[in-house]
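# Structural features, examined
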Amino acid sequence: MAGGFAVSKSGADGREFKGRITWYVWMCGIVAATSGLMFGYDVGISGGVTAMDDFLELFFPSVYARKHRARENNYCKFDDQRLQLFTSSLYLAALVASFVASRACSRFGRKRTMQAASVFFLAGTALCASATNIAMLIVGRVCLGVGVGFGNQAAPLFLSEIAPAHVRGALNILFQLNVTVGILIASVVNYFASRAHPLGWRYALGGAAAPAAVLFLGSLAITETPTSLVERGRTDAGRRTLEKIRGTADVGAEFDEIRAACDLARALGEEEKPYRRLMRPESRPPLVIAIAMQVFQQFTGINALMFYAPVLFQTMGFETDGSLLSAVVTGSVNVVSTVVSIVLVDRVGRRKLLLEACAQMLVAQTAVGAIMLVHVRANNNPSQSWAVAIVVLICVYVSSFAWSWGPLGWLIPSETFPLETRTAGFSFAVSSNMLFTFLIAQAFLSMMCSMRAFIFFFFAAWIVVMAIFVLTLLPETKGVSIDEMVDRVWRRHWFWKRCFADDYDAARVYDNC
Ligand SMILES: OC[C@H]1O[C@](O)(CO)[C@@H](O)[C@@H]1O
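My aim in this report is to walk through the structure given alongside it, one point at a time.

The rules behind these values
Residues numbered from 1 in each chain as written. Predicted model: local features only at pLDDT ≥ 70, side-chain atom pairs only at ≥ 80, totals over all residues. Heavy atoms only, no water. Near = heavy atom within 4 Å. Polar contact = N/O pair within 3.5 Å; in protein donor to acceptor, adjacent residues only side chain to side chain. Areas by Shrake-Rupley, 256 points an atom, 1.4 Å probe, with all protein chains shown as cover. Helix = DSSP H or I, 4+ residues; strand = E, 2+ residues; numbered from the N terminus. Nonpolar A, V, L, I, M, F, W, Y, C, P; charged D, E, K, R; others polar. Salt bridge = Lys/Arg side-chain N within 4 Å of Asp/Glu carboxyl O. Axes fitted to C-alpha atoms, helices over the stretch in contact; angles between N-to-C directions. Parallel < 35°, antiparallel > 145°, perpendicular 65-115°, else oblique. Left-handed = near helix turned anticlockwise from the far one by under 90°.

So, on to the site of the ligand. Every residue near the ligand is listed here: Phe39, Val43, Gln176, Val179, Thr180, Ile183, Gln297, Gln298, Asn303, Asn334, Phe401 and Trp410. For the ligand, an oxygen atom lies 2.8 Å from a polar atom in the side chain of Gln176. With respect to the ligand, the side chain of Gln297 contributes an N or O atom lying 3.1 Å from an oxygen atom. A total of 310 Å² of accessible area belongs to the ligand in isolation, and the protein chains cover 100% of it. If you tally residues by element for the shell around the ligand, the top one is helix 7 (residues 168-193), at 4 residues. Taken together, the residues of the shell around the ligand sort by class into 6 nonpolar, 6 polar and no charged.

What follows concerns the pattern of salt bridges. When their charged atoms lie close together, side chains carrying opposite charge are able to pair. Within the structure shown, the criterion is met by 12 salt bridges. Salt-bridge contacts for Asp42 lead to Arg141; the nearest nitrogen and oxygen are separated by 2.8 Å. Note that Asp42 is positioned in helix 1 (residues 23-50) and Arg141 in helix 6 (residues 134-162), a separation of 99 residues in sequence. Taken together, the salt bridges that share partners define one network made up of Glu272, Arg277, Arg280 and Glu282.

Viewed as axis vectors pointing N to C, helix 4 (residues 81-108) and helix 6 meet at an angle of 40 degrees, and their least axial separation amounts to 6 Å. Taken together, helix 4 and helix 6 sit at an angle that is classed as oblique. Classified by chirality, the crossing of helix 6 by helix 4 is right-handed. Taken together, the residues of the contact of helix 4 with helix 6 break down into 20 nonpolar, 7 polar and 2 charged.

Below is the structure:
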């Protein structure tokens, strides 16, 4: 399985680990990242499908009638709780599934959890694509949601564990890159499927089978991670796997570190369960940061756009074709800008990227809101030049999200927890993401109906809160080894250091932070 190029890498304490970036590691990484593709395809497909007349006429005839009523209010024509439930039910199911998935990951391994994800996804796809009533659609979406919950918990963990340390960031962002590629593919599929009458929507929903099948078949060829094998008592198999993925038998130092980490986690786990340990004061800084990063990521308003871009563009007065095409444009900007993040994140640092993005998003959101307020009245559409200006501003907004809050929402929670609480802490990040994705999916169309153009000012106001959060509470973690976070980051931070007072006294410190 050798391939790639010869390297050695440094462990957390500066020790040299021998091995190369083998083709096998890349193959495993690419297969696992397909999980992101499944997630992204789903995010991108629902908006287009819910804008298709054949789909609306069959399942949501009242929305169909309202959409075609000549004098209907632009902002409210898609406001329907059941239509929103079609999109949001997936995320509610994923939220519940992510807690089960974190246990499945420990008990059965990352690889099996990803396989289970692909099976749920295939079942959900079959149900949705062949649905003849709303119940079938919703049950299908719930199966897809379980697939997303399992995949999102297992894949980032898998990627981190097989990666040599010096390419761990790049391999991690591969997941988010796949999410954005999935969203883009879905917009292209929507564009063509919307022309195929009356079955286009079935093709669009059925297309989700492709990434799921790739993940299922690919996962038969990939390995389990060495950490997961050692964690489950299969020490020899763990060592053999490490030798295979590093392309050398000289893996003693790295294997010792994996074994020591597993021993420590096991010992601490016997003393106190990881979820209880997370309630300790010293766990509070990374826990608050992990949850806040995910909540704020969703309050940028990104998924209002990703789910409902075609609907939103129709609201702004675009025809069905134009609105789907605009979604393809914003989807492409999303992919390219995520690549920018891979290049910049370890050079520029996390805080600068996040703050720059806040400024860019604030300007774009406020300008879109102002144009909508002045030029899009309830019953008329903007002129073509204002419509183009809106699409350009939305691209400005998406690009800044994609090189900041998108990937860093996953990266920062994965690098700030100490090992003993890392997986439990990360599952809080996944479930917070799903919860707020669900809330936005469920509430956005109603919010747009009642708030109208002010919806953009609502998200803009959150961006100000996020910037204050980054300035005051988010420390820079660029270049800091994961195992040095406590001493080099938290103990030096003006606010969070109170959780780590030298004269540690559980009761007093708890009160302080
Ligand atoms: O690229 C946008 C996508 O990225 C995420 O924020 C995180 O993976 C999704 O919630 C969103 O749909």
